[in-house]
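In case you want the letters, here they are:
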Amino acid sequence: MKFVALFALFAATACAAVSVKKSDYGKMPDGQAVTLFTVTNATGTEARIITYGGVLVSLKTPDRKGALGDVVLGHDSLADYMADGGTYFGALIGRYANRIGKAQFVLDGKTYKLPVNNGPNSLHGGNKGFDKRNWSGKEVPGGVELSLLSKDGDEGYPGNLKVVVTYTLTEDNRLRVHYTATTDKPTVVNMSNHSYWNLKGDGDGTSNILGQLLTINADKYSPVDAGLIPLGEPQPVAGTPFDFRKATTPGARINQANEQLKLGKGYDHNWVLNRTGTGLELAAKVEETTSGRILEVYTDQPAVQFYTGNFLDGSVKGKGGKPALQRSALCLETQHSPDSPNKPTYPSTVLRPGSTYDTTTEFRFSAK
Ligand code: BGC
C-alpha cells in the first residue's frame, strides 16, 4: 500500500509541470461536441490533440535557439478536418493502418470483406476508419486518454473492439502514443498515427522536406505492386534508393529511375525494422539542419511506413488556408507491414479474445 502511494506521488511529481487544458473545438453536423486538449511542458513544447480522429493538430517544439515552431501539417478547423478527402493529417488510424490487398482477408477459415477505397484494396481502416470517429477524451497526468468502441462488423471487421489511446508529453520533449485494444471475437488490429512532419517548423506545408536528413533503422523494405501491396518477402535495401541506414536526404535519390519509386510516386513503402528485443527501439531519425530540430521515432512495432506526401498536390488547404504541397512533409507511420492478414510469413496482426493489443511509439524531439 505504502509503495503504491509512493509510486503515485512520484508519478504525479514527474508530470507535475506538464499542464493539460481542455477547450471546445467545435461541433460535428450531428451535434457531437469535439474537444481540444492542449498539453504543455516547461520548455514550452505544446501538443494540441482533438477528439475527432484523435488528431494531433499541432506540435510546437523548440529549435536550437529555443524558438517554437509547429512541426506537423494540419487544418485550421473541425470543418476542414471533416471535409478532408484523404490526407489523414495527424490522425489515429485503425483498425488496420495501411493496405489490405483486394480488401479482404481470411481468419479462422472465414472471409471478411472490407470497404474498397484505394484501387482494389482497403486503406486505413475503410471509409469511416478511426480517423473519422469522435473519440471520448479525458485528461490524464501529462496528456489525454482517448477511447472508442468499434462495433462488431464496423467497416467489415469482426468483433467488438475496445480501443484506448493515450498521448502523453514528457518534460524531456517526448510525445508518447500508447495504444491498447481488446476484442470479443478474433479480429485483426494494426494502429498508427498519421502525422506529417516538417521539422523546419512549417506546419503550413509551404517548404519541402527533400533536404532533411533521414535515417531508417532497417536492412530490408517491402517492394510493392502497382496498388502498393507488398509483393512478397522483404528485400535488402543495400544498393537501392531505399537504403537509409546512414543519414541521407529523401531528395538525394527520390527522382532516380527506379521502378519502385515510380510505383510509389516517391517514397511510400514499408521498412522492416532491425530489432533486437521487444521494447522501444529506434525506428527512424530526422534532422533539419537550419533549425537544428531532431526527431527520433522509437517503437515496439516491427515496421514503419515512410511516405513523402506524394499525393499532396496543393488541392487540400492546410494551415493558414495555404495549399499543402507535395513533399511538404514526411510520415513515419510505425505499424505492422501492409497486407499482413494475407501474408502468413509476416508477424501476425491477429487479436484474440483474452489478449490485449498493446503498443507504444515515442516521438522524441531535441535540437542541436
Ligand atoms: C499511404 C499513402 C497514402 C497516405 C494518405 C499513407 O499511409 O501509404 O499511400 O496516400 O497514407 O492516405
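Everything numeric here is computed off the predicted structure, so don't read it as measured data. Every chain's residues receive numbers from 1 upward, in the order its sequence appears when written. Where totals are concerned, whole chains, interfaces and linings use all residues; where local detail is concerned, this predicted model gives features only for residues with pLDDT of at least 70, and gives and counts side-chain atom pairs only at 80 or more. Computation of side-chain values covers all heavy atoms of the structure but excludes hydrogens and water.

Q: What is the right way to look at the overall build of the protein in this model?
A: Within the protein, the regular secondary structure consists of three helices and 26 strands. As a reference, a globule follows 2.2 Å times the number of residues to the power 0.38, and the radius of gyration itself is taken over C-alpha atoms. Whereas a compact globule of 368 residues would reach a radius of gyration of roughly 21 Å, the protein reaches 20 Å, a difference of no more than 12%. Taken over the C-alpha atoms alone, the protein extends approximately 50 × 50 × 45 Å along its principal axes. Residue burial is assigned from relative accessible area. The probe radius is 1.4 Å, only protein chains are included, and a residue is buried under 20% of its type maximum, exposed over 50%, and partly exposed in between. Scored against the burial criterion, the 368 residues of the protein give a buried share of 57%. Contact between two residues is taken to exist if any of their heavy atoms lie within 4.5 Å; hydrogens are not considered. Here the contacts in the protein between residues at least 6 apart in sequence split such that 66% fall between residues at least 24 apart. Surface exposure here means Shrake-Rupley accessible area, sampled with a 1.4 Å probe, where a residue is shielded only by the protein chains that are shown. Total accessible area computed for the protein in this model is approximately 15,000 Å², and 54% of it derives from carbon and sulfur atoms. Only runs of H or I of at least four residues qualify as helices and only runs of E of at least two qualify as strands under DSSP, and these elements are numbered from the N terminus.

Q: Explain the site of the ligand here, please?
A: The ligand sits among 13 residues. The nearest are Arg 99, His 194, Asp 268, Phe 311 and Glu 333. Between the ligand and Gln 305 there is a distance of 3.2 Å, counted from an oxygen atom to a side-chain nitrogen or oxygen. Here a polar contact means two N or O atoms within 3.5 Å. Within protein one must be a hydrogen donor candidate and the other an acceptor candidate, and residues neighboring in sequence count only if both atoms are side-chain atoms. Tyr 307 has a polar side-chain atom sitting 3.4 Å from an oxygen atom of the ligand. Protein chains bury 95% of the 310 Å² of accessible surface belonging to the ligand in isolation. Side-chain classes follow a simple rule in which Ala, Val, Leu, Ile, Met, Phe, Trp, Tyr, Cys and Pro form the nonpolar group, Asp, Glu, Lys and Arg form the charged group, and the remainder, Gly included, forms the polar group. Grouping the amino acids of the shell around the ligand by side-chain chemistry returns five nonpolar, five polar and three charged. Near, as used in this document, describes a residue that has one of its heavy atoms within 4 Å of the molecule or strand being considered.

Q: Please clarify how the sheet that holds strand 2 (residues 33-40) should be interpreted in this entry.
A: At least two DSSP bridges between two strands are needed for those strands to be called paired. Spatially, five strands are ordered 1-2-3-4-5 in an open sheet, and the strand pairing comes out antiparallel. Two strands bound the open sheet, and with one partner strand each, they are strand 1 (19-27) and strand 5 (68-70). Strand-to-strand twist across the sheet, computed as the mean angle between neighbouring axes with direction ignored, equals 20°. Sheet analysis places strand 2 next to strand 3 (residues 46-50), joined by five bridges and oriented antiparallel. Bridge pairing links Val 39 to Ala 47 in strand 3. Axes here refer to lines fitted to C-alpha atoms; in helices the fit is confined to the stretch in contact. Angles between the N-to-C directions go from 0 to 180 degrees.

Q: I keep staring at the pairing of strand 22 (residues 293-299) and nothing clicks. Help me out?
A: Counted residue by residue, strand 22 has six buried out of seven residues, so it is predominantly covered. Looking at chain direction, strand 21 (residues 281-287) and strand 22 are connected through six bridges and run antiparallel. Bridge assignment links Glu 281 to a residue of strand 22, and that residue is Thr 299. Linkage of strand 21 to strand 22, two consecutive antiparallel strands, is achieved through a turn of five residues, within which Gly 292 is found at a positive phi near 85°. Pairing of strand 22 with strand 26 (residues 357-367) involves seven bridges; the strand directions are antiparallel.

Q: Any chance you could explain the nonpolar core here in plain terms?
A: Considering soluble globular proteins, one finds that nonpolar side chains tend to be buried as a cluster. Counting residues in each nonpolar core, the largest one holds 55 residues, and the members touching the most others are Trp 197 and Trp 271. The greatest single-element share of this core, amounting to five residues, is contributed by strand 13 (residues 161-169). Residue contacts for Trp 197: discarding those within four places in its chain leaves Leu 56, Leu 59, Val 71, Val 72, Ile 209, Leu 295, Ala 329, Leu 330, Leu 332, Phe 363 and Phe 365. Residues belong to one nonpolar core when they are buried, are Ala, Val, Leu, Ile, Met, Phe, Trp, Tyr or Cys, and are joined through side-chain atoms within 4.5 Å. With 23 residues, the next largest nonpolar core counts Val 34, Tyr 88, Ile 93 and Tyr 196 among its residues.

Q: I would appreciate a short explanation of the packing of aromatic side chains in the present structure.
A: Planes of paired rings set the category: under 30 degrees apart is stacked, over 60 is edge-to-face and the rest tilted, where pairs are Phe, Tyr or Trp rings (Trp by its six-membered ring) whose centres lie within 6.5 Å. Under the criterion given, the structure shown has 18 aromatic pairs. With a centroid separation of 5.7 Å and an interplanar angle of 75°, the aromatic rings of Phe 244 and Phe 306 are classed as edge-to-face. Of this pair, Phe 244 sits in the loop between strand 19 (235-236) and helix 3 (259-264) while Phe 306 sits in strand 23 (residues 303-307); the two residues are 62 residues apart in sequence, bridging distant segments of the chain. As far as the burial class goes, Phe 244 and Phe 306 line up, both buried. The structure contains a cluster of three or more aromatic residues connected by ring pairs, namely Tyr 221, Phe 242, Phe 244, Tyr 267, Trp 271 and Phe 306. Should the NZ of a Lys or the CZ of an Arg lie within 6 Å of a ring centre and within 35 degrees of the ring normal, that charge is described as sitting over the ring. Above the face of the Phe 244 ring, Arg 253 is positioned so that its terminal group lies 4.8 Å from the ring centre. We note Arg 364 situated over the ring of Tyr 298; from NZ or CZ to the ring centre the distance is 3.7 Å.

This is a description of form; function is not addressed.
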